[in-house]
Amino acid sequence: MQNSQLIVILKTFSKKDLRELKKWLDSPAHNQREDVVLLFEYLTDGSHLENEKYLKKEKVFCKIFPKEPYDDARLRQTMHFLLKAIEEYFIWQELQEDTVQTRIALARMYRKRKLDKAFRKAIRNVQDLQDNHSYRNEQYLRNEYLLQQERYLYYENKERTTKMNLQEVSDALDSTYMVEKLRQTCLMLAHQAVYKADYDMGLLDEAVQYIEKKKLTSIPGITIYYYVYKMIAEKSNPAHFEALTKQIKSYSHLFPKGEMQGIYVHAINYCIGRINSGQQEYFRKVFELYRQGIENSVLIENDIIDPYTFRNVISSGIKLREFEWLDHFIHNYKDYLEEQHRENSFLFNLARLRFEQRDYDSAMRLLAQTDFDDILIQLSAKVMLLKMYYELDEIDAMESLLESMRAYLQRKKIMGYGRINFQNFIRYSAKLLRINPYNEDQKNKLRQEIATADRVAERDWLLQQLDAL
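Remember, it's a predicted structure, so these values are computed and weren't measured experimentally. (Residues numbered from 1 in each chain as written. Predicted model: local features only at pLDDT ≥ 70, side-chain atom pairs only at ≥ 80, totals over all residues. Heavy atoms only, no water.)

Draft legend 1. Geometry of the side chain of Arg354. Relative to the assigned elements, Arg354 resides in helix α17 (residues 339-356). On the basis of relative accessible area, Arg354 is assigned to the buried category, the value being 15%. Within the structure, Arg354 has its side chain in polar contact with the side chain of Asp327 (distance 2.9 Å). Ignoring any residue separated from it by four or fewer positions in sequence, one finds Arg354 in contact with Asp327, His331, Asp359, Ser362, Ala363 and Leu366. (Helix = DSSP H or I, 4+ residues; strand = E, 2+ residues; numbered from the N terminus. Buried < 20%, exposed > 50% of the residue type's maximum accessible area, 1.4 Å probe, protein only. Polar contact = N/O pair within 3.5 Å; in protein donor to acceptor, adjacent residues only side chain to side chain. Contact = heavy atoms within 4.5 Å.)

Following this line, the structure appears as structure tokens:
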């Protein structure tokens, strides 16, 4: 029973959620079966959901139907009805999240019952809600279309001389389609670039031409995705990225945080692509996007910062030597990391910062406190430690660490570029130790090897140390 869909779903409920669901089940309008309530109360009592011994079917049945012989079919029926009641609760919850659509549904019922006065009052209330809505995204535009459509269906049953709102219906439908077409296209293009998929973009060209002809970029929902699309489709034209960042600053408050996060990710990925192509000025741009996204909580979801985002913020900030802001960020946002990774991630990233500040004692102490499960982070920590040994001229410690890194790479299964990067770093670090600092031919040969190697971790650092000899 512990692997049933019912148990899996109930485990996702918070205590508050369970209290609200209990109210739903206690209402005769939603549930009239006492056995369903008894099953819910038993399953959510104490630690029953988490402990297998409480979920044995015979034990559960005995609690719901005391003094009755075990009947598997009857228990499964009760579980079925509880699951269906929960699903109805989910549907109700989802509908309640969009007040405009629920009020449109109310107006629709008044229209169907030909209650003109009640309909007109309801539709005015809908219009007020729509006008005062916080967002101007696809959902807002879709609701505008549904609102105009409901008005039309009401007018349709009146006298022929009644003024119709067909133009408003058509305009709202066009706007809804345009923003959703652009949003979907951006997702397809981004996915296509990574996974080499081949998508048919349908009416995209016609949609873009229509937007430009009708100057629909005055609509926030359309203009944001228009520039995301142009930025992705025409990578070599930086004007689209600049236009998008201006739109983000102007209109980010008009989008739900989750949707705005996706828009930030598009812009960040564009910057990373430009950086990878050698345009170093995009380090500043991506750092500012990360800083804005963190400070306005767009890049924080359910009070959690993705660990990769956390590390990328540090990497871009280090590149720009934004040490003061990074120190604040690491200490003030560490609690937004998932608990199981929090302490190690905090220590590792603070060690990175202290290393860049050349506070090697602090960096070494911080690394000594870490215990990483992630192989790549473990190797990155070893690389950082090796660089400090070299710069402190602790050659014996460095040689010992190089040997332990070779052994570590042999033991761990790291495939592809990750293995090659670290293997090359170990090889060139060892050569750096052995090279004659007065032999220019040796130095030039090694410099050429490092510069032209396909994959090597810390290439810039290796070349800097070679130049310093």
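Draft legend 2. Layout of the nonpolar core. Grouped together as the largest cluster of nonpolar side chains are 74 residues, with contacts concentrated most on Leu182, Ile222, Phe241, Ile248, Ile263 and Phe329. Beyond its immediate stretch of four places on either side in the chain, Phe241 contacts Met231, Ala267, Tyr270, Cys271, Tyr282, Lys285 and Leu289. In this structure, Leu39, Leu43, Ala85 and Tyr89 belong to the second largest nonpolar core, which totals 29 residues. (Core = buried A, V, L, I, M, F, W, Y, C linked by side-chain atoms within 4.5 Å.)

Draft legend 3. Molecular detail of helix α14 (residues 282-295). The terminal C-alpha atoms of α14 lie 20 Å apart, and with 14 residues this matches the ideal 20 Å at 1.5 Å per residue to within 8%. Along α14, the residues that are buried comprise Tyr282, Phe283, Val286, Phe287, Leu289, Tyr290, Arg291, Gly293 and Ile294. Residues of α14 that are buried sit in contact with α12 (238-251), α13 (257-276), α15 (307-319) and α16 (323-333). At the C-terminal side of α14, Ser297 shows a positive phi close to 70°. (Expected span 1.5 Å × (residues − 1).)

Draft legend 4. Spotlight on the packing of helix α3 (residues 34-43) against helix α4 (residues 57-64). Relative orientation of the contacting elements α3 and α4 amounts to 125°, with a least axis distance of 9 Å. In terms of orientation, α3 and α4 fall into the oblique class. α3 and α4 meet at a crossing whose hand is right-handed. Here α3 contributes Asp35, Leu38, Leu39 and Tyr42 to the contact with α4, which in turn contributes Lys59, Val60, Lys63 and Ile64. Grouping the amino acids of the contact of α3 with α4 by side-chain chemistry returns five nonpolar, no polar and three charged. (Axes fitted to C-alpha atoms, helices over the stretch in contact; angles between N-to-C directions. Parallel < 35°, antiparallel > 145°, perpendicular 65-115°, else oblique. Left-handed = near helix turned anticlockwise from the far one by under 90°. Nonpolar A, V, L, I, M, F, W, Y, C, P; charged D, E, K, R; others polar.)

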